[in-house]
Amino acid sequence: MTTCSYVVIPADGAAEALTKRLAALPGCDVARARNRDLLLLVTETSGPEEDQALRALLERTDGVLALVLTFGELAPPP
C-alpha cells in the first residue's frame, strides 16, 4: 500500500470545484484549509505503479496550479 499526502494549490476561483473533483477520485481524501485557498490531499494506492498513474492524473487535473508532495510512503516496510 502506497500512501502520500499533498498540498494542492488551486487556480484562482477553482478551490471548490477542485475539491469535489479530487474527492471523487478513488483512493483520494481531500480537505480545504480554513485560512487559505489550499487543499490537503491524502492518496492511497495499491503500489508504486498505481501511485505514479494517480500522480500524473492529479498533475493534469483542471484547476491544479501546483501539487506539492509532503509525505510519501512508497514502499512497504521490510
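Quick caveat: nothing in here was measured; it's all calculated off a predicted structure.

**Considerations on the overall build of the protein chain**
Looking only at helices and strands, one finds two helices and four strands in the protein chain. Counting from the amino terminus, helix and strand elements in the protein chain follow one another as β-α-β-β-α-β. Its C-alpha radius of gyration of 12 Å places the protein chain within 12% of the 12 Å reference for a compact globule of 78 residues. Taken along the three principal axes of its C-alpha coordinates, the protein chain extends 45 × 20 × 20 Å.

**Re the side chain of T19**
Of note, T19 is situated in helix α1 (residues 15-23). For T19, a relative accessible area of 16% translates into the label buried. The contact partners of T19, leaving out residues within four places of it in the chain, are V30, R32 and L39.

**A word on helix α2 (residues 48-60)**
With 13 residues, α2 extends 18 Å from end C-alpha to end C-alpha; this agrees with the ideal 18 Å at 1.5 Å per step. In this structure, the buried residues of α2 make contact with β1 (2-10), α1, β2 (28-32), β3 (39-45) and β4 (64-73).

**Some thoughts on the pattern of salt bridges**
Applying the stated criterion across every chain, the model contains three salt bridges. Note that K20 is salt-bridged to E16, the shortest N-O span being 3.8 Å. Here the residue K20 and the residue E16 both occupy positions in helix α1, the gap between them amounting to four residues, near one helical turn. Looking at K20, the relative accessible area reads 57%, which means it is exposed.

**Digging into the nonpolar core**
The biggest cluster of nonpolar side chains holds 11 residues, and these are C4, Y6, V8, L18, L22, C28, L39, L41, L54, L58 and V64. Listed by contribution, the elements that provide at least two residues to this core are β1, α1, β3 and α2. Residue contributions to this core peak at three residues, all from β1.

**Comments concerning the sheet that holds β3**
Taken in spatial order, the four strands make up an open sheet running β2-β3-β1-β4, and their pairing is antiparallel. The strands lining the two open edges of the sheet, one partner per strand, are β2 and β4. Across the sheet, the axes of successive neighbouring strands diverge by a mean angle of 20°, strand direction being ignored. Against the sheet, α1 makes contact with β1, β2, β3 and β4, and its axis sits at roughly 160° relative to β2, the strand it touches most.

Each value, and the rule that gives it
- Residues numbered from 1 in each chain as written.
- Predicted model: local features only at pLDDT ≥ 70, side-chain atom pairs only at ≥ 80, totals over all residues.
- Heavy atoms only, no water.
- Helix = DSSP H or I, 4+ residues; strand = E, 2+ residues; numbered from the N terminus.
- Rg over C-alpha atoms; globule rule 2.2 N^0.38 Å.
- Buried < 20%, exposed > 50% of the residue type's maximum accessible area, 1.4 Å probe, protein only.
- Contact = heavy atoms within 4.5 Å.
- Expected span 1.5 Å × (residues − 1).
- Salt bridge = Lys/Arg side-chain N within 4 Å of Asp/Glu carboxyl O.
- Core = buried A, V, L, I, M, F, W, Y, C linked by side-chain atoms within 4.5 Å.
- Pairing = 2+ DSSP bridges.
- Axes fitted to C-alpha atoms, helices over the stretch in contact; angles between N-to-C directions.

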